[in-house]
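# Structure at a glance
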Amino acid sequence: MTTDYPEKGIAITGIGQSKISRGAQKSALGLTIDAVMDAIEDAGLERKDIDGLACWPGAITDGSGFAPVGIPALQDALRLKVNWYANTRETSGQFGAMFNVIAALNAGLCRHAIVFRTMYQATARKRGLVNASFQPGQRTYSHMAWHAPYGAFVAVTQQALYFARYVHESGIRPEQVAQIALNGRRNASLNPAAIYRTPLTLDEYMESPMISSPLRIFDCDVPIDGSTAILLSRREEAKDMRNPVLHIDSIGCNMHYRNNWSQLDALATQAQPEVANMMWNRTDLCPKDVDIAELYDGFSFHSINWLENFGFCKQFEAGDFIEGGHRIALEGELPINTNGGALSAGRMHAYGQIHEACIQLWGRGEARQVKGDPRVVALSTAGGPLAGAFLLVKE
Amino acid sequence: MSSQPSEFPRTLPALDLDNEAFWTGGKNGELLINRCDDCGYYVHPPTGFCPSCESRDVRPQPVSGRGEIVTMTVNYRAWFPDIPVPYVVAMVAIEEQQDVRLITNIVDCDPLSVEIGDKVRVRFEQVEDLWIPLFFPDPEARP
Ligand SMILES: [Zn+2]
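Just so it is clear, the structure is predicted and the values come from calculations on it, not from any experiment. (Residues numbered from 1 in each chain as written. Chains lettered and ligands numbered in written order. Predicted model: local features only at pLDDT ≥ 70, side-chain atom pairs only at ≥ 80, totals over all residues. Heavy atoms only, no water.)

## Examining the overall build of chain A
Inclusion rule: Under the DSSP-based scheme used, a helix requires at least four consecutive residues in state H or I and a strand at least two consecutive residues in state E, with every element numbered from the N terminus. Atoms counted for the radius of gyration: C-alpha only. Globule rule: 2.2 Å times residue count to the power 0.38. In this scheme, a residue with accessible area under 20% of its type's maximum is buried, one over 50% is exposed, and one in between is partly exposed, where area comes from a 1.4 Å probe on protein chains only. Per-residue and other accessible areas follow the Shrake-Rupley method at a 1.4 Å probe size, with only the shown protein chains counted as cover for residues. For this count, His and the chain ends are skipped, Lys and Arg are scored as positive, and Asp and Glu as negative. Taken as the charge centre is NZ of Lys, CZ of Arg, CG of Asp or CD of Glu, depending on the residue.
A tally of regular secondary structure across chain A gives 13 helices and 12 strands. For a compact globule of 395 residues, the expected C-alpha radius of gyration is about 21 Å, and chain A comes in at 20 Å, within 12% of that figure. Dimensions along the principal axes, computed over C-alpha positions, put chain A at roughly 50 × 50 × 40 Å. With 395 residues in all, chain A has 65% of them scored as buried. Here chain A has roughly 14,400 Å² of accessible surface; of this, 49% comes from carbon and sulfur atoms. Across chain A, the centroid of the 36 positively charged side chains sits 5 Å from that of the 41 negatively charged ones.

Here is the structure:
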């Protein structure tokens, strides 16, 4: 009996997104306001209806653009009167903020809650701030202090360690890995809002520079300036609102492995298997019921890991599953990352996937719309010691 | 075990009561890993609690300095201007206990020659008041 899990009582009722760019013409707060007002209007609500507010991870004011806007700045700018609010950094990846909202709505603390994620890394990088917490000559208190002395300054070097172990254990070949980037670029070419829309060939991928082996530049997502907002409401209220009801059918949010970037229990699979198990244990749906998968692709291999850990293919067989790219294409048996993903549409940091899942389920995908009236989307976020997942279902 | 001035600009960890032994043991040529006095389990990162038997009698103990590369990457991008590339970042499991894994650099060899599964040994590089554990290919294990 899986019908009593409380996430089933929650629906996504509106979505919004700012212009996504490699250099914004307005501030990070301005982008956030665009996304949030867009989501409120999309749901047919007004500012006064918003009584819950959440974001991931909360403002980090180090100039890096990773999280320039938090709840106080947005609440004050929009003069919102909320009954519940929280940011959530130490949680099951970027989806942790969604899961908190689900809990708050179920607890009756609010009725209509906004979750937002804003990044301003394109502009920050033009100012030379790659990673504000790791400067040579400084002593770091960072949770990455075990990496810091060794030139593992950035995510690509840290995460390459996991992917290298996956390659070692699975035997996946570079031309198979390439399909994640090629698929993303193909889908992005049909998405007017994507950053990179010029088709990418296998030869271009294979000749592209290695950043930190085995990760090439096309395996890395693209930093952007932009904001995404998701509006959640109780399911019974959603039935009377503007958009067709999309309810959360199950979530995966656990932390059963060591949550430590240098001490992962299973390098090749990371934290994903138990999170995926939790998600499947809370639903009557199974992998074959999924019409679309919007898989985290901060690095290409995260999507490869999620294909296996969600059970869309067997462990260490994702290379065969994605070979040639047909199965994961828009016309394939399991379209993935339909807007181009973070690799080509831009690093909306998992909130791009949520936005795109709603676009597809509401039939707004235009040139990239998946045919056949998709009903079930599986979503995932993060890699390393963090993972989060949920199923979104159109009624 | 030698130490030598660094060519490689290193961001340094701030010391506290738990991690100080790890980052300074190299002064005496020792790689110090916290170990439980009661059951022998190595606890890393260092804390004063044994997750195996719940003992609080956990303290830094020298290990052999031998290990195996569990995973590694060759980093080609210079994230700061003075960093010589390419360089190897690896995760090394200590010989004494497979689940104690140290992020480190593999040095004194061609970065492109390093592979998962290679046996390595520790040496230390002094930077200010810290002795940074680095690993090099075990000469007895490689032809
Ligand atoms: Zn013990």
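Now that the structure has been shown, we can carry on.
## A look at the nonpolar core
As a reminder of what qualifies: As used in this record, nonpolar core signifies buried Ala, Val, Leu, Ile, Met, Phe, Trp, Tyr and Cys residues forming a set joined through side-chain atoms within 4.5 Å. Throughout the structure description, domain borders are defined by an automatic or database domain assignment.
Ranked by internal contacts, the top residues of the largest apolar core, which has 134 residues, are Ile12(A), Met98(A), Leu232(A), Phe310(A), Phe390(A) and Leu392(A). Of all the elements, strand S6 (residues 87–94) of chain B adds the most residues to this core, at 8 residues. Counting the residues that make up this core, at least three belong to each of domain 1 (6–128 + 224–238) and domain 2 (154–197 + 245–394) of chain A. Counting 24 residues, the second-largest nonpolar core is a separate cluster that includes Ala35(A), Val36(A), Val69(A) and Ile114(A).

## Concerning the pairing of strand S3 (residues 84–87) of chain A
Residues and elements named next belong to chain A. What counts here: When DSSP finds at least two bridges between two strands, those strands are taken to pair. Here is how to tell: hold the view so the strands point away, follow the path from the first strand over the helix to the second, and if it runs clockwise the crossover is right-handed.
On S3, burial follows the alternation: Trp84 and Ala86 on one face are buried, whereas Tyr85 and Asn87 on the facing-out side are not. Here 4 bridges tie strand S2 (residues 52–55) to S3, and the two strands are oriented parallel to one another. Looking at S3, one finds that Leu53 is bridged to Tyr85. Crossover S2 to S3 through helix H2 (residues 71–78) is right-handed.

## Considering the environment of Asp62(A)
Condition: What qualifies as a polar contact is a pair of N or O atoms within 3.5 Å, subject to a donor-acceptor requirement within protein and to the restriction that residues adjacent in sequence count only when both atoms come from side chains.
You can see Asp62(A) is positioned in the loop between S2 and H2. A polar side-chain atom of Asp62(A) sits 2.7 Å from a polar atom in the side chain of Ser64(A).

## Quick look at helix H9 (residues 272–281) of chain A
All names here are of chain A. Rules: Throughout, a residue-residue contact means that at least one pair of heavy atoms, one from each residue, lies within 4.5 Å.
Burial within H9 is extensive, with 7 of its 10 residues counted as buried. All buried positions along H9 are accounted for by Gln272, Pro273, Val275, Ala276, Met278, Met279 and Trp280. In this structure, the buried residues of H9 make contact with strand S9 (246–252), helix H10 (300–309) and strand S12 (388–394).

## Quick word on the pattern of salt bridges
Residues and elements named next belong to chain A. Definition in use: For this document, the term salt bridge refers to a Lys or Arg side-chain nitrogen within 4 Å of an Asp or Glu carboxyl oxygen.
Throughout the structure, instances matching the rule amount to 26 salt bridges over all chains. Among the salt bridges present, the one from Glu175 reaches Arg173, with a minimum N-O distance of 2.9 Å. On the accessibility criterion, Arg173 (35% relative accessible area) is partly exposed. For the salt bridge of Arg368 with Glu356, the shortest nitrogen-to-oxygen distance reads 2.7 Å.

## Some thoughts on the coordination of the zinc ion
Residues and elements named next belong to chain B. Worth spelling out the cut-off: Donor atoms: N, O and S within 2.8 Å of the metal, or within 3.2 Å for Na, K and Ca. Because water is excluded, sites can look incomplete. Each label reflects the angles at the metal, where four donors whose angles all fall between 85 and 135 degrees are tetrahedral, four or six donors whose opposite pairs open beyond 155 degrees and whose other angles stay between 65 and 115 are square planar or octahedral respectively, and the rest are irregular.
Here the zinc ion is held by the protein donor atoms Cys36 (SG), Cys39 (SG), Cys50 (SG) and Cys53 (SG), which lie 2.3 Å from it. For the zinc ion, the 4 donor atoms are set out with angles of 102 to 115° between them, so the coordination reads as tetrahedral. Taken in sequence order, the residues that donate to the zinc ion follow the motif C-x2-C-x10-C-x2-C. Of the two residues, Cys39 sits in the loop between strand S2 (31–36) and strand S3 (42–43) while Cys53 sits in the loop between S3 and strand S4 (58–63), which places them 14 residues apart along the sequence. Residue Cys53 is classed as partly exposed on the basis of its relative accessible area, which comes to 34%.

## Regarding the sheet that holds S4(B)
Residue and element names in this part refer to chain B. Spatially, 3 strands are ordered S3-S2-S4 in an open sheet, and the strand pairing comes out antiparallel. At either end of the open sheet lies a strand with only one pairing partner, and these are S3 and S4. Pairing of S2 with S4 involves 6 bridges; the strand directions are antiparallel. Its bridge partner being in S4, Cys36 is matched across the sheet by Val58.

## Topic: the packing of helix H5 (residues 155–170) of chain A against H10(A)
Two measures define how a pair of helices packs: the angle their axes make with one another and the distance between the axes. Residues and elements named next belong to chain A. How we decide: The axes are straight lines fitted to the C-alpha atoms, using for helices just the contacting stretch, and the angles between their N-to-C directions are given from 0 to 180°. Throughout this description, any angle smaller than 35 degrees is read as roughly parallel, any larger than 145 degrees as roughly antiparallel, any in the 65 to 115 degree range as roughly perpendicular, and the remainder as oblique. Handedness of a crossing follows from how the near helix is turned relative to the far one, being left-handed for an anticlockwise turn of less than a right angle and right-handed for a clockwise one.
Running from amino to carboxyl end, H5 crosses H10 at an angle of 50°, the nearest separation of the two axes being 11 Å. The pairing of H5 with H10 is recorded here as oblique in orientation. The way H5 lies across H10 gives a crossing that is left-handed. Counting all contacts with H5, which are made through Gln159, Tyr162, Phe163 and Tyr166, the residues of H10 involved are Phe301, His302, Ile304, Asn305 and Glu308.

## Comments concerning the domain arrangement of chain A
Residue and element names in this part refer to chain A. Rules: Accessible area, probed at 1.4 Å, shrinks when two parts are joined; the buried area is that loss added up over both.
Looking at chain A, the domain boundaries give domain 1 (6–128 + 224–238) and domain 2 (154–197 + 245–394). Between domain 1 and domain 2, the C-alpha centre-to-centre distance is 22 Å. Carbon and sulfur atoms make up 65% of the area that domain 1 and domain 2 hide from each other, which totals about 3,100 Å². Contact with domain 2 buries surface across domain 1, with Glu7, Gln94 and Phe95 losing the most and accounting together for 23% of the total. Counting across the domain 1 and domain 2 interface gives 3 salt bridges. Note that Asp42 is salt-bridged to Arg364, the shortest N-O span being 2.9 Å. With 8 residues, strand S1 (residues 10–17) is the single largest residue contributor to the side of domain 1 that touches domain 2.

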